[in-house]
Amino acid sequence: MVKLLIPTPLQRFTANRDEIEVPATTVGEALDALTAEFPALKKQLFNDQGNLRHFVNVYVGQEDMRNLQGVETPVRDGEELSIVPSIAGGTGVLEPTRSEEVTLSNEEILRYSRHLVIPEVGLEGQKRLKAARVLCIGAGGLGSPLTMYLAAAGVGTIGIVDFDVVDYSNLQRQIIHGTEDVGRPKMISATETLKSINPFVNVIGFETRLTSENALQIMRDFDIVIDGTDNFPTRYLVNDACVLLGKPNVYGSIFRFEGQLSVFWAEKGPCYRCLYPEPPPPGLVPSCAEGGVLGILPGIIGVSQANEAVKLILGIGEPLIGRLLLFNALKMNWRELKLRKDPDCPICGPNATIKELIDYEMFCGITPHPEETVHSDNSLEITVQELKARFDRGERPVVIDVREPYEWDIARIPNTRLIPMNEIPDRLDEISRDEEVILLCRSGKRSMAVLEYLQSQGYTRLKNVVGGVLAWSEEIDPTVPRY
Ligand SMILES: [Zn+2]
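Residues numbered from 1 in each chain as written. Predicted model: local features only at pLDDT ≥ 70, side-chain atom pairs only at ≥ 80, totals over all residues.

S.K.: Which parts of the structure should I look at to understand the nonpolar core?
M.R.: Soluble globular proteins tend to pack their nonpolar side chains together in the buried interior. Residues V134, I226 and A309 are the most contacted members of the largest nonpolar core, which totals 68 residues. In terms of residue count, helix α12 (residues 297-314) provides more of this core than any other element does, eight residues in total. With near-sequence residues (within four places) excluded, V134 lies in contact with L150, V155, I158, F222, D223, I224, I226 and A309. L387, I438, L439 and M448 belong to the second largest nonpolar core, which has 21 residues in total. (Core = buried A, V, L, I, M, F, W, Y, C linked by C-beta atoms within 7 Å. Buried ≥ 20, exposed ≤ 12 C-beta atoms within 10 Å, placed from the backbone. Helix = DSSP H or I, 4+ residues; strand = E, 2+ residues; numbered from the N terminus. Contact = placed C-beta atoms within 7 Å.)

S.K.: Can you help me understand the environment of A33 in this one?
M.R.: Relative to the assigned elements, A33 resides in helix α1 (residues 27-37). With 123 residues separating them in the primary sequence, A33 and G156 have C-alpha atoms 42 Å apart.

S.K.: Sorry, what's going on with unusual backbone geometry here?
M.R.: Generally, phi is negative for residues other than glycine and the peptide bonds are trans, each holding for most cases. Even without being glycine, M332 reaches a positive phi, approximately 55 degrees. Mapped onto the fold, M332 is located in the loop between β12 (323-328) and β13 (333-338). At N415, a residue that is not glycine, the phi angle is positive and equals roughly 60 degrees. Residue placement: N415 occurs in the loop between α16 (405-410) and β16 (417-418).

S.K.: Explain helix α7 (residues 186-197) to me, please; I cannot follow it from the model alone.
M.R.: Each α-helix turn comprises 3.6 residues. Residues three or four places apart therefore point the same way. Helix length check: α7 (twelve residues) gives 16 Å between terminal C-alpha atoms against 16 Å at 1.5 Å per residue, within 8%. Buried within α7 we find K186, M187, S189, A190, T191, T193 and L194. Looking at the packing, one finds that the buried side of α7 touches α6 (143-153), β7 (157-161) and β8 (202-206). (Expected span 1.5 Å × (residues − 1).)

S.K.: Explanation requested: the sheet that holds β7 in the structure shown.
M.R.: The pairing of strands in a sheet happens through backbone hydrogen bonds and is either parallel or antiparallel. The eight strands are arranged β8-β7-β6-β9-β10-β11-β12-β13 in an open sheet whose pairing can be described as mixed. The outermost strands of the open sheet, each flanked by one partner alone, are β8 and β13. In this sheet, adjacent strand axes meet at a mean angle of 15 degrees when their direction is disregarded. Pairing of β12 with β13 involves six bridges; the strand directions are antiparallel. Among the inter-strand pairings, F327 is bridged to a residue of β13, identified as W334. Docked against the sheet, α6 engages β6 (133-137), β7 and β9 (224-227), running at close to 165 degrees with respect to β7. (Pairing = 2+ DSSP bridges. Axes fitted to C-alpha atoms, helices over the stretch in contact; angles between N-to-C directions.)

S.K.: Where do I start with the confidence of the model for the protein chain in this structure?
M.R.: Interpretation of this model should avoid reading the predicted coordinates in detail wherever pLDDT is low. Per-residue confidence for the protein chain gives a mean pLDDT of 90; residues scoring 70 or more make up 94%. Predicted confidence for residues 87-91 stays below pLDDT 50, and this span has 18 contacts to residues more than four positions away or in other chains. Considering only residues more than four positions removed or in separate chains, one finds that residues 369-376, a stretch of pLDDT under 50, has two contacts. (pLDDT = per-residue confidence, 0-100.)

S.K.: Please clarify how the pairing of β6 should be interpreted in this entry.
M.R.: Remark: a regular strand shows side chains that alternate across the two faces of the sheet. The buried fraction of β6 amounts to four of the five residues, a majority that puts the element mostly inside the structure. The pairing of β6 with β7 spans five bridges and is classified as parallel. Following the sheet pairing, C136 is matched in β7 by I160. With α6 bridging β6 and the parallel β7, this β-α-β connection has right-handed handedness. By the bridge criterion, four bridges tie β6 to β9 in an arrangement that is parallel. Across the sheet, the residue bridging to C136 is I226, located in β9. (Right-handed = clockwise from strand over helix to strand, strands pointing away.)

Take a look at the structure:
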């Protein structure tokens, strides 16, 4: 006979018994005998394919059976087997006591009735949701759908960090904001929408940029942090702050038709740095503003992040810890990759070298003050007014537009030639070294990078159009569409 030790959350399936003795010679036989005696337990421990669920660990004595021979591990007479669900019942992200003082009004009971009738949620789960505090970094593409669903589901406190103002070009995907919100702070617009969906939700707005100075302070009081950012410095900042605070980080990212999703929780699995120890060089991976994103995609990824957050709060299911999901909207498939904790991870490894938050802009290779760099050398700049004046005087300087052809189709300004940025190195023979060359893009950023590249190739008579096509549209010709 071997003795199985049943954890508290599973005891309701074993007639409240915490120890069960069964005859067995292997771990597998012991589990079979246990679930034969208590059939309701089977669904808790095994998935539909009959495999032990990812979040259930079985220990033989002190040793995880995965380090032995798994379910084939032989067991001696009198051996103790412990079933240890990593996230189940009372071992979710919330201390069980947190929901004890929470009550639901009759109005709330009616509102959440479709939750209350699910056994895995029930009244206890709904109280947990109400007790939970979830922080979303960013009220943009991912933050919009995920906070709306969290509010509807009854997550009691939703924090949002965002300092931006709603732009007309946000509306294609940031569904928390409406057309009438253009020009208003995202924080105000988002709070109003969430309150309208569910007035019982407490929305806490942080109208600021998340920085190494304020991140720990802002994140400290929340149970779960959801990463809805669109830039690498903030992503690493969110990761490191979560590791230092011991909080789960529900990660999502989007680009064009592809999305990524995972749950990073250093205490139970890998962190973002275990997956990506270093950021890509600046400029290599374009942002959504430069690269574009299908408007539906943040909906799919953001709502999946909300789903993971709710599972962590309820302590049910198999969270995405140690798994990375890759979604492709064109192929319409999800691929799953296993993630392992990196023993050399500088923030969550045993020999971690990072003990506090660092300068993430510098870590990501971003010059601290790009604006100042651009403006410090006025001889490299030309404003749209100056350019227009030169056109008006009949001058025809060489103006190279370095945007992509599909951007050229949307909007262009007169007397310019298109050579997309990535074709420049192969088409240097088309660019005169003797004449002045003026470079143009959408906002002036990419063309500045091209200017620096051409300087490195020996070009000396270069100028960058400040503000690019957007400035032309704003200051010279409003019929040129902004995008
Ligand atoms: Zn790590």
